[in-house]
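# Coordinates in review
This is what each chain is made of:
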Amino acid sequence: MKIAVSSQNQTAVTAHLGHCQKFWIYDVNNATIQTKELLQLAKNQSFHESSPKDPHPLDVVQVLISGSMGRGLARRLESKGIQPIITSETDPDTAITAYLTGSLAVLTPEDVEHHHDHEDGHTHEGECGCNQA
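Because the structure is a prediction, the values reported are computed rather than measured. (Residues numbered from 1 in each chain as written. Predicted model: local features only at pLDDT ≥ 70, side-chain atom pairs only at ≥ 80, totals over all residues. Heavy atoms only, no water.)

### Description of the sheet that holds strand E1 (residues 2–6)
- In space, the 6 strands of this open sheet follow the order E3-E2-E1-E4-E5-E6, with mixed pairing throughout. One side of each edge strand has no neighbouring strand; the edge strands of this open sheet are strand E3 (32–40) and strand E6 (106–107).
- Of the strand pairs in this sheet, E1 and strand E4 (residues 63–66) are connected by 3 bridges, and their pairing is parallel. What sits directly across from Val5, in E4, is Ile65. (Pairing = 2+ DSSP bridges. Helix = DSSP H or I, 4+ residues; strand = E, 2+ residues; numbered from the N terminus.)

What follows is the structure in structure tokens.
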């Protein structure tokens, strides 16, 4: 099984999954981490910039853990067979270990207060994962 963790700064679990371009990819076998590799996406490959209809580099993972994502992005992941998980855990390795033992504190998009304006000034709820109304 492959599990991705959003980590823009490569040290902490990143919030706002839609804009994240760096992910730790863990290859797990029998609840044991086999490998951990960094995947760096181009800006146009971020979920905010890419089309949900196109293939995506993260399509190979079964689980994606992040600090926040909206309902739209969670549905997008689920439609590709990826389990979306939101957590308040900030350490990627701890998040993976807790997930594998069933002890990871999981939040819903509604639990996460995530309001912002986009760089281009518009606001919305959509594929980027925003909770804007």
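Read on for the rest.
### Let's talk about unusual backbone geometry
- Its identity is not glycine, yet Gln10 carries a phi of approximately 70°, on the positive side.
- Note on placement: Gln10 falls in the loop between E1 and strand E2 (22–29).

### Examining the pairing of strand E5 (residues 83–87)
- Most of E5 sits inside the fold, with 4 of its 5 residues counted as buried.
- When E4 meets E5, the two strands line up parallel, connected through 4 bridges. Bridging from a neighbouring strand, Val63 pairs with Gln83 of E5.
- For the crossover from E4 across helix H1 (residues 71–79) to E5, the handedness is right-handed. (Buried < 20%, exposed > 50% of the residue type's maximum accessible area, 1.4 Å probe, protein only. Right-handed = clockwise from strand over helix to strand, strands pointing away.)

### Quick notes on H1
- Buried within H1 we find Gly72, Leu73, Ala74, Arg76 and Leu77.
- Looking at the buried positions of H1, the neighbouring elements they touch are E4 and E5. (Contact = heavy atoms within 4.5 Å.)

### Some words on the packing of aromatic side chains
- Counted by the stated rule, this structure contains 0 aromatic pairs.
- The lysine or arginine in question, Lys36, covers the ring of Trp24, its NZ or CZ lying 4.4 Å from the ring centre. (Phe/Tyr/Trp six-rings, centres within 6.5 Å; stacked < 30°, edge-to-face > 60°. Lys NZ or Arg CZ within 6 Å of the ring centre and 35° of its normal.)

### Some thoughts on the nonpolar core
- Core analysis: the largest hydrophobic core is formed by 16 residues, its most contacted members being Leu17, Phe23, Phe47, Leu58, Leu64, Met69 and Leu77.
- At the level of secondary structure, the elements contributing two or more residues to this core comprise E2 and H1.
- For this core, the element with the most residues is H1, which contributes 3 residues.
- Not counting residues up to four positions away in its chain, the partners in contact with Phe23 are Val5, Ser6, Ser7, Leu17, Glu37, Leu38, Leu39, Leu41, Phe47, Leu58 and Leu64.
- Val13, Val63, Ala95 and Ile96 belong to the second-largest nonpolar core, a separate cluster that totals 13 residues. (Core = buried A, V, L, I, M, F, W, Y, C linked by side-chain atoms within 4.5 Å.)

### Here we look at helix H2 (residues 92–101)
- Every buried residue of H2 is listed here: Pro92, Ala95, Ile96 and Ala98. Axial view of H2: buried residues confined to an arc of 165°, hence all on one face.
- Looking at the buried residues of H2, the elements they touch are E1, E2, E3 and E4.
- The distance from a side-chain oxygen at the start of H2 to the backbone nitrogen of Asp93 is 3.3 Å, and the residue carrying that oxygen is Asp91.
- Residue Gly102 follows H2 closely and has a positive phi angle near 80°. (Arc of directions from axis to C-beta. Polar contact = N/O pair within 3.5 Å; in protein donor to acceptor, adjacent residues only side chain to side chain.)

### A few points about the pattern of salt bridges
- Scanning the entire structure with this criterion turns up 2 salt bridges.
- For Asp93, the salt bridge is made with Lys36, and the minimal N-O distance between the two is 3.0 Å. Of this pair, Asp93 sits in helix H2 while Lys36 sits in strand E3, and the two are 57 residues apart along the sequence.
- Overall, the relative accessible area of 36% leaves Lys36 in the partly exposed class.
- The residue Lys80 makes a salt bridge to Asp59 at a minimum N-O spacing of 3.3 Å. Placement of the pair is Lys80 in the loop between H1 and E5 and Asp59 in the loop between E3 and E4, with a sequence separation of 21 residues.
- Note on Lys80: relative accessible area 26%, which makes it partly exposed.
- Asp59 sits in the partly exposed class, given a relative accessible area of 29%. (Salt bridge = Lys/Arg side-chain N within 4 Å of Asp/Glu carboxyl O.)

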